[in-house]
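Observations on the three-dimensional arrangement
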Amino acid sequence: MIKPCKQIGARIAGTGHYLPEKILTNADFEKIVDTSDEWILTRSGIRERHITADNEFSSDMAFEAAKMALADAEVDPKDLDMIIVATVTPDMPLPSTGCLLQEMLGAKKAAAFDVSAACSGFIYGLSIGSSMIESGKAEKVLVIGVETLTSITDYTDRTTCVLFGDGCGAVVLEEGEPGEGVLSTFMQSDGGEKELLYIVAGGSKTPLTTERIEAGEHYIRMKGDGLFKYAVRAMVDAARHTLKEAGLGTEDVTYLIPHQANIRIIEGVRKRLKLEKEQVVVNIDRVGNTSSASIPIAFSELKEGGTLKKGDLVIMVAFGGGLTWGAALIKY
Ligand code: ACO
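For every chain, the first residue of the written sequence is number 1, and numbering continues from 1 along that sequence. Per-residue local features of the predicted model are confined to residues with pLDDT of at least 70, and side-chain atom pairs are confined, for both listing and counting, to 80 or more; whole-chain, interface and lining totals are unaffected and use all residues. For the side-chain quantities, the full set of heavy atoms in the structure was used; hydrogens and water were omitted.

For the rest of this paragraph, the subject is unusual backbone geometry. Here the residue pair Leu94 and Pro95 is connected by a cis peptide bond, since its omega of 0° sits within 30 degrees of zero. In the Ramachandran plot, Glu74 falls in the positive-phi region, its phi being about 55° despite a non-glycine side chain. In this description a helix means any DSSP run of H or I spanning at least four residues, a strand means any run of E spanning at least two, and both kinds are numbered starting from the N terminus. Of note, Glu74 is situated in the loop between α3 (58-73) and β4 (82-86).

Dropping the structure here:
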């Protein structure tokens, strides 16, 4: 039973995604760092990842994915009330990529901003966007997850560079009936574990200097094993919270869309939630880890594949730097 507390639902009106044309395969990485296709595939599940062209940035990818989602939703950008862009790789610190996208789309009346919650960013954005609709403060909201992770990746560090890719996913939310669309969301953070995934340089505390750039302090650093241990428990916990809030159980779930960080984490989450392999949407082999973009890309691909049916229950679960984690339960 779905709790009848909401007067307005936030329905999924459209989805879109964009992946850059250029692909880096595991074989390409064998020429860049001391690694092997076998190591990358067995440890992470990744075969290849897309990377942006030299003149392609987060706002460009967001523009392409947004156009696809808006066309799918049959929504004119001029009718958008809000644009939320989840990213840790904005085009620049100021203005936000949300504002850059607003101008590119001509979404004149939309309030636009960025959300920084690493790989959980899209779930955080979806939670904010759906709450705005449910509260009656917005009727149409565009939520984007976009990353140009290659811009913060150290291609001499084999422990991180083989994992990350670029891409964007988008969702258009609009007013719907209670009990359709976003049924419940959950967000949580643990700043005490911030050293598991971080970038030292580039902020007000540690501005970019030649020395810091030469030392590679503007690149992402990760303690993969620590994250691994935390991720499965946190993602399962988040999924259970959203299901409980909606008065539903794992037996009601049609599809699980996990953040695509590592196939072994995905498998761990699937097993603990007692779901079948066929219920889990996996594209990590083709796309790699695209942080906040990973869930909306997978969602858009699922929709494009034609298997998603009206009424299907989709649970999205994310985990990332911060630490941050969260989940969203959607009745399509
Ligand atoms: N090729 C070959 N060997 C490698 C590579 C590589 N690319 N990278 C590391 N190794 C070596 C290590 O140096 C280590 O060697 P050693 O035993 O001689 O010291 C060995 O392989 C094992 O390394 P581990 O780090 O223990 O490997 P693990 O099985 O943990 O896999 C991985 C690493 C894939 C990073 C995994 O820990 C993981 O996926 N962690 C979670 C990542 C995650 O969830 N991130 C959060 C989201 S990302 C975001 O927010 C942007």
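Classification of ring pairs rests on two measures: the distance between centres of Phe, Tyr or Trp rings, Trp counted by its six-membered ring, which must be within 6.5 Å, and the angle between planes, read as stacked under 30 degrees, edge-to-face over 60 and tilted in between. This structure, assessed with the given rule, holds five aromatic pairs. Here Phe319 and Trp325 contribute two aromatic rings whose centre-to-centre distance is 6.5 Å and whose plane-to-plane angle is 35°, an arrangement assigned as tilted. Each member of the pair, Phe319 together with Trp325, is buried. Aromatic rings pair up to connect Tyr230, Phe319 and Trp325 into one cluster. Buried means the residue's accessible area, taken with a 1.4 Å probe over protein chains only, is under 20% of the maximum for its type, while exposed means over 50%, and partly exposed covers the values in between.

With that settled, the discussion passes to the environment of Pro178. For Pro178, the location among the structural elements is in the loop between β7 (166-176) and β8 (181-189). Residues Pro178 and Ala201 lie 23 residues apart in sequence; the distance between their C-alpha atoms is 45 Å. Any two residues whose heavy atoms approach within 4.5 Å are treated as being in contact. Filtering out sequence-adjacent residues up to four positions away, Pro178 remains in contact with Lys6, Gln7, Ile8 and Gly9.

Here the focus is the pairing of β4. With five of its five residues buried, β4 lies for the most part within the structure. Neither face of β4 is exposed, since Met82, Ile84 and Ala86 on one face and Ile83 and Val85 on the opposite face are all buried. Two strands are said to pair when DSSP picks up at least two bridges between them. Sheet topology places β4 next to strand β5 (residues 111-115); five bridges connect them, and they run parallel. By the bridge assignment for β5, Ile84 is matched with Phe113. If the strands point away from the viewer and the path from the first strand over the helix to the second runs clockwise, then the crossover is right-handed. In the classification by handedness, the crossover that spans β4, the intervening helix α4 (residues 97-105) and the parallel β5 is right-handed. Pairing of β4 with strand β6 (residues 140-148), which is carried by five bridges, proceeds in the parallel orientation. Its bridge partner lying in β6, Ile84 is registered against Val143.

Working definition: a disulfide is two cysteine sulfur atoms within 2.5 Å of each other. Applying the stated criterion across every chain yields a total of zero disulfides. Of all cysteine sulfurs in the structure, the one in Cys119 sits closest to Cys161, which takes part in no disulfide; the separation is 16 Å. The closest cysteine sulfur to the non-disulfide-bonded Cys168 is located on Cys119, 15 Å from its own sulfur. Accessibility expressed as a relative area gives 0% for Cys168, which makes it buried.

So, about the packing of helix α8 (residues 224-245) against helix α9 (residues 263-272). In this analysis, axes come from line fits to C-alpha atoms, helices being fitted only over the stretch in contact, and the angle between any two N-to-C directions falls in the range 0 to 180 degrees. Packing of α8 against α9 brings their axes to within 9 Å, and their N-to-C directions diverge by 40°. Considering their axes alone, α8 and α9 lie oblique with respect to each other. Note that α8 runs across α9; the crossing there is right-handed. On the side of α8, the interface is formed by Phe228, Ala231, Val232, Met235, Val236 and Arg240, while α9 contributes Arg264, Ile265, Gly268, Val269 and Arg272. Under the scheme applied, nonpolar residues are Ala, Val, Leu, Ile, Met, Phe, Trp, Tyr, Cys and Pro; charged residues are Asp, Glu, Lys and Arg; polar residues are all the others, including Gly. Of the residues contributing to the contact of α8 with α9, the split by class is seven nonpolar, one polar and three charged. In this scheme, roughly parallel covers angles under 35 degrees and roughly antiparallel covers those over 145, while 65 to 115 is roughly perpendicular and the rest are oblique. The crossing is said to be left-handed when, going from far helix to near helix, the turn is anticlockwise and less than a right angle, and right-handed when the turn is clockwise.

Neighbouring the ligand are 25 residues, the closest being Thr35, Arg43, Cys119, Leu197 and Asn262. A distance of 2.8 Å is found between an oxygen atom of the ligand and a side-chain nitrogen or oxygen belonging to Arg43. Polar contacts, as counted here, are pairs of nitrogen or oxygen atoms within 3.5 Å of one another; within protein the pair requires one atom able to donate a hydrogen and one able to accept it, and residues that are adjacent in sequence qualify only if both atoms are side-chain atoms. The contact in question runs from a nitrogen atom of the ligand to an N or O atom on the backbone of Gly224, over 3.0 Å. To be clear on the numbers: accessible area is Shrake-Rupley with a 1.4 Å probe, and residue cover counts the displayed protein chains and nothing else. When the ligand is considered free in solution it has 1,000 Å² of accessible area, and contact with the protein chains removes 74% of it. Listing elements by their share of the shell around the ligand, those giving two or more residues are α2 (37-44), α6 (158-161), α8, α9 and β12 (313-320). No other element matches the four residues that α8 contributes to the shell around the ligand. Along the lines of polarity and charge, the residues of the shell around the ligand split into eleven nonpolar, nine polar and five charged. To be near a molecule or strand, a residue needs just one of its heavy atoms within 4 Å of it.

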